[in-house]
Amino acid sequence: MREKYALVTGGSSGIGYSLAQLLACDGYQIFLAALGDEKLVEAQKELEGDYGVEVLPIAVDLREREAPFQIYQQTEGSGYALDVLINCAGFGTYGGFEQLEPKRDYDLVLVNCGALIALTRLIYPQMLERGSGRILNMSSTVGLQPTPYMAVYSASKAFVSTFSLSLSFEARKTGGAVSVTTVYPYATRTRFAEAANMVGHRLFNNIFTLEPEKVAAAAYRAMLAGRERLVLPRIGSLVFDGLYRLMPIRSRMALVKWGMRT
């Protein structure tokens, strides 16, 4: 039996690292793509030491347009067929749109949308040709509705959702052999809050705030099962798929705006 290989972007911390742990526990050899800092080195050492798998770190900045193609060249150049692709890299911005740095929002779109599209396009055809593969794309509950003060971030996650669900429908032609799973977590205790200048915000300090390990565990199960969509926490499915959709758009926006205030 051949060894199994996975690629995880944003895999040096947070949800991405927790997903890499689950992959390692199941015996996957892992390409770990993240910024080339001490976190990436630590993640490699911990995963190899704890699980005895090979971890191939790829130091890359997904804000660079060529980064996804560099990642692909390294995985393809190694001669390994990827069984799993997890697009978990991403970051957010918070504040009035006119107040935010334009380049920061532009970089956000490159990472959250552009890199995800490029990597999926490069790897998905190989999965189709081989007749097996799992793709997991990380969206967010803010991608399920417009979100004032996170306008660009919520739009980027809506993009991830629309693209992933569309591709999932296309992948049905494989009868489940290749699947695309979209995960929509609520605010999670990772480095996201610090990067988005949201430390201390109520979103990251309430009874619904999630832990990265729990998000990863639920997402991993959904991916292996070939599920199309997972909203976390579970009550989110009821809110967003049921009651929330019955509200007029102006009422929804007012509610979201109230929830986003500091």
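Before any of the text, the structure's been laid out above.
Bear in mind that the values here come from a model prediction, so they are computed numbers and not experimental data.

A closer look at the state of the cysteines
Right, on to step 1. Applying the stated criterion across every chain yields a total of zero disulfides.
Right, on to step 2. Cysteine Cys-25 shares no disulfide, and the gap to the nearest cysteine sulfur, in Cys-88, comes to 18 Å.
Right, on to step 3. Among the cysteines around Cys-113, which has no disulfide bond, Cys-88 carries the closest sulfur, lying 15 Å off.
Right, on to step 4. With relative accessibility at 7%, the residue Cys-113 sits in the buried group.

A few points about unusual backbone geometry
Right, on to step 1. Residue Pro-233 is bonded to the preceding Leu-232 through a cis peptide linkage, with omega at -5 degrees.
Right, on to step 2. Within the secondary structure layout, Pro-233 lies in the loop between strand 7 (229-232) and helix 8 (235-246).
Right, on to step 3. A positive phi angle, close to 75 degrees, is found at Tyr-149, a residue other than glycine.
Right, on to step 4. Summarising the element assignment, Tyr-149 is placed in the loop between strand 5 (133-138) and helix 5 (151-171).
Right, on to step 5. According to the relative accessible area criterion, Tyr-149 is partly exposed, its value standing at 34%.
Right, on to step 6. One non-glycine residue, Asn-197, adopts positive backbone phi at about 60 degrees.

Overview of the packing of helix 1 (residues 14-25) against helix 7 (residues 212-224)
Right, on to step 1. Taken N-terminus to C-terminus, the directions of helix 1 and helix 7 make an angle of 55 degrees; their axes are 8 Å apart at the nearest point. By the angle class used here, helix 1 and helix 7 are oblique. The hand of the helix 1/helix 7 crossing is right-handed. Facing Gly-14, Ile-15, Ser-18, Leu-19, Leu-22 and Leu-23 of helix 1, the residues of helix 7 in contact are Pro-212, Glu-213, Val-215, Ala-216, Ala-217, Ala-219 and Tyr-220.
Right, on to step 2. Here the residues of the contact of helix 1 with helix 7 are counted per class, giving ten nonpolar, two polar and one charged.

So, the pairing of strand 4 (residues 84-87)
Right, on to step 1. Neither face of strand 4 is open: one carries Val-84 and Ile-86, the other Leu-85 and Asn-87, and all of them are buried.
Right, on to step 2. By the bridge criterion, four bridges tie strand 1 (residues 5-9) to strand 4 in an arrangement that is parallel. Directly across from Leu-7, in strand 4, lies its bridge partner Leu-85.
Right, on to step 3. Between the parallel elements strand 4 and strand 5, the chain passes through helix 4 (residues 102-130) in a crossover that is right-handed.

Considering the pattern of salt bridges
Right, on to step 1. Going through the model one piece at a time under the given rule, you end up with four salt bridges.
Right, on to step 2. Note that Arg-63 and Asp-61 form a salt bridge whose closest N and O atoms lie 2.7 Å from each other.
Right, on to step 3. For Glu-211, the salt bridge goes to Arg-189, with nearest N and O atoms at 2.7 Å. Taken together, the residues Glu-211 in the loop between helix 6 (192-195) and helix 7 and Arg-189 in the loop between strand 6 (178-185) and helix 6 connect sequence positions 22 residues apart.
Right, on to step 4. Classification of Arg-189 as partly exposed rests on a relative accessible area of 35%.

About the thresholds
Residues numbered from 1 in each chain as written. Predicted model: local features only at pLDDT ≥ 70, side-chain atom pairs only at ≥ 80, totals over all residues. Heavy atoms only, no water. Disulfide = S-S within 2.5 Å. Buried < 20%, exposed > 50% of the residue type's maximum accessible area, 1.4 Å probe, protein only. Helix = DSSP H or I, 4+ residues; strand = E, 2+ residues; numbered from the N terminus. Axes fitted to C-alpha atoms, helices over the stretch in contact; angles between N-to-C directions. Parallel < 35°, antiparallel > 145°, perpendicular 65-115°, else oblique. Left-handed = near helix turned anticlockwise from the far one by under 90°. Contact = heavy atoms within 4.5 Å. Nonpolar A, V, L, I, M, F, W, Y, C, P; charged D, E, K, R; others polar. Pairing = 2+ DSSP bridges. Right-handed = clockwise from strand over helix to strand, strands pointing away. Salt bridge = Lys/Arg side-chain N within 4 Å of Asp/Glu carboxyl O.

Geometric descriptors of this kind do not, in isolation, establish any biological role.
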